[in-house]
Amino acid sequence: MKLSHFQFDLPKELLAEFPSEHRDEARLMVVDRKKQTIEHKTFKDVIDYFDDGDVLILNNTKVFPARLYGNKEKTGARIEVFLLRELNAEQRLWDVLVDPARKIRIGNKLYFGDDDSLVAEVIDNTTSRGRTLRFLYDGSYEEFRKKLTELGETPIPKYISRDVTPEDAERYQTIYAKEEGAVAAPTAGLHFSKHLLKKLEIKGIKFAEVTLHVGLGTFNPVEVEDLSKHKMDSEELKITQEACDIVNDAKARKKRICTVGTTSMRAVESSVSSHGTLNPFDGWTNKFVFPPHDFTIPTCMITNFHTPKSTLLMMVSAFCGHDLMKRAYEEAIKENYKFYSYGDAMLII
């Protein structure tokens, strides 16, 4: 498959600016690979497709307020700093993106907060927009992290043209988020309400939690026609023995195993044993799932609607079958489904 197979015209008005009023009331398109059918439901109907002993694999990463605004010393120019990852806790070194990048050079200092209580020094250039910053803060590490959280803003995706609202801090986070470290939400999980999770639990559905800290690389469009030449950014991944036991037990009993989101899918596909079971994992993954791909663990997936030429769309194509996915997307556009992070969902069975 080539990059051009993943191009389609997406009307701008279908990009979701706001989430649905209630988490579990987004629209749900159900795509059946065996019957080659497409149905239109509401997200809370997802419960009808699972039975006692089935498993949902959830990514429990937690988004941190990664977007900061500072001022450059001397000129006072406003600079956006997007925190990507902590490189060294002791030295307070961070890998970041800056915008506008042309103004920011090694040795520059940036000041944050009304009282300039947080300062950062640029100590390295990593990419055209990437920099390494050393934060200078008079306080303990815990106080420093608290300050970052206080000054940071929910990193809602760039395509959303409105300002961040206080509601975003809650809505751009799954209700089962636990392990802080993501700069983007695993968005398929945003559709689960506490009430829906409780109903699934009562019905006997089990939850296996994995942690994949979503990085900005997730959103990088593919730019090479030959997909095998595309390089994924690495993301931190943790899969516990407990999660493996839940998944492998369900697999042995031929139960339905559903990955909630492309991040959960990438997590499990990064750690499959030669016997086709899930292995524990603690490290980094740059797994790129694109067609053709043999999926050993999941039998279904929940995902949002993705943008053209994205790696996420390629994974969905590999799982769904390209022609059926194309049909589903054509119908989604015709029926005005909302796309992307705050958009509607698709269940592929």
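Within every chain, residues take consecutive numbers counted from 1 along the sequence as written. This being a predicted model, a pLDDT of at least 70 is required before a residue's local features are given, and a value of 80 or more before pairs of side-chain atoms are given or counted; all residues contribute to the totals for chains, interfaces and linings. Processing note: side-chain calculations cover all non-hydrogen atoms of the structure and skip hydrogens and water entirely.

Per an unreviewed UniProt entry, the protein goes by the name S-adenosylmethionine:tRNA ribosyltransferase-isomerase and belongs to Flavobacterium hiemivividum. UniProt positions are given in the numbering used here, feature names are shortened, and annotations may be inferred rather than shown by experiment. Database annotation for the protein, UniProt heading Subunit (unreviewed entry): "Monomer."

**A few points about the overall build of the protein**
Only DSSP runs of H or I with at least four residues qualify as helices, and only runs of E with at least two residues qualify as strands; both kinds are numbered from the N terminus onward. When helices and strands are counted, the protein shows seven helices and 17 strands. Taking 349 residues into account, the globule formula puts the C-alpha radius of gyration at 20 Å, and the protein, at 21 Å, falls close to it. The principal-axis extents of the C-alpha atoms in the protein amount to approximately 65 × 45 × 40 Å. Exposure classes here rest on a 1.4 Å probe applied to the protein chains alone. A residue is buried below 20% of its type maximum, exposed above 50%, and partly exposed in between. Looking at the protein residue by residue over its 349 residues, the buried ones come to 53%. It only takes one pair of heavy atoms within 4.5 Å for two residues to be counted as in contact. Of the contacts formed within the protein by residues at least 6 apart in sequence, a portion of 71% connects residues at least 24 apart. Entry remark: accessible area of the protein is about 16,200 Å², with carbon and sulfur atoms responsible for 47%. Here the positive residues are Lys and Arg and the negative ones are Asp and Glu; neither His nor the chain ends is included. To locate a charge, take atom NZ for lysine, CZ for arginine, CG for aspartate or CD for glutamate. Put simply, the protein has 50 plus and 54 minus side-chain charges, and the middle of one group is 3 Å from the middle of the other. Here the globule rule reads 2.2 Å times residues to the power 0.38, and the radius of gyration is calculated from C-alpha atoms. Reported accessibility uses the Shrake-Rupley method at a 1.4 Å probe radius. Residues are deemed covered only where the shown protein chains occlude them.

**Details of the layout of surface pockets**
Lining residues are those with an atom within 4 Å of a point, where the points come from a 1 Å grid over the protein atoms alone and group into cavities, where a 1.4 Å probe fits but cannot get out, or pockets, open sets with protein on both sides within 12 Å along at least five of seven lines. Grid points are joined across faces, edges and corners, and a volume is the space filled by probe spheres set on the points. Estimated volume of the largest pocket: approximately 950 Å³. When residues of the lining of the largest pocket are traced back to their parent elements, those giving at least two are β6 (78-88), β7 (93-99), β11 (179-182) and β13 (235-239). Take the lining of the largest pocket: its biggest share by element is five residues, from β6. Any residue outside Ala, Val, Leu, Ile, Met, Phe, Trp, Tyr, Cys, Pro, Asp, Glu, Lys and Arg is labelled polar, Gly included; the first ten of those are nonpolar and the last four are charged. The class makeup of the residues in the lining of the largest pocket is 15 nonpolar, ten polar and twelve charged. The source of the domain bounds is an automatic or database domain assignment. Taken domain by domain, the makeup of the lining of the largest pocket includes at least three residues from each of domain 1 (3-63 + 169-348) and domain 2 (67-153). Quantified by volume, the second largest pocket comes out at close to 260 Å³. Along its surface, the second largest pocket is lined by 16 residues, and Asn60, Glu209, Thr211, Lys238 and Thr240 are the ones closest to its centre.

**A closer look at the domain arrangement of the protein**
On domain assignment, one finds that the protein holds domain 1 (3-63 + 169-348) and domain 2 (67-153). Summarising the inter-unit geometry, the C-alpha centres of domain 1 and domain 2 are found 32 Å apart. Of the residues lining the interface, five residues belong to domain 1; the matching set on domain 2 comes to six residues. Put simply, buried area is the surface a 1.4 Å probe can reach on two separate parts but cannot reach once they are joined, added for both. Both faces considered, domain 1 and domain 2 share a buried interface measuring about 420 Å² in area, 60% of it formed by carbon and sulfur atoms. Should a side-chain nitrogen of Lys or Arg be within 4 Å of a carboxyl oxygen of Asp or Glu, the pair is scored as a salt bridge. Here domain 1 is connected to domain 2 by one salt bridge. Any N or O atom pair separated by 3.5 Å or less is treated as a polar contact, with the protein-specific requirement of one donor-capable and one acceptor-capable atom, and with residues adjacent in sequence counted only for side-chain atom pairs. Applying the counting criterion to the domain 1 and domain 2 interface returns two residue pairs in polar contact (both at pLDDT 80 or more).

**Some points on the pairing of strand β16 (residues 300-304)**
Across the five residues of β16, five count as buried, placing the element largely inside the fold. Alternating positions in β16 separate into two faces, Cys300, Ile302 and Asn304 on one and Met301 and Thr303 on the other, with burial throughout. Two strands are said to pair when DSSP picks up at least two bridges between them. In the sheet, strand β14 (residues 257-260) pairs with β16 via three bridges, with the strands oriented parallel. Counted as the bridge partner of cysteine 258 is cysteine 300 from β16. Examined bridge by bridge, β16 and strand β17 (residues 345-348) share four bridges and lie antiparallel to one another. Bridging across to β17, threonine 303 finds its partner in methionine 346.

**Examining the sheet that holds β7**
What the six strands build is a closed barrel, ordered β5-β6-β7-β10-β9-β8; its pairing is antiparallel. Each strand of the sheet is rotated relative to its neighbour by a mean of 45°, with strand direction disregarded. Pairing geometry for strand β5 (residues 67-72) and strand β8 (residues 109-112), over three bridges, is antiparallel. Each bridged residue has a counterpart across the sheet, and for asparagine 71 the counterpart in β8 is tyrosine 111. Every angle, taken between N-to-C directions, lies between 0 and 180 degrees, and every axis is a line fitted to C-alpha atoms, over only the stretch in contact when it is a helix.

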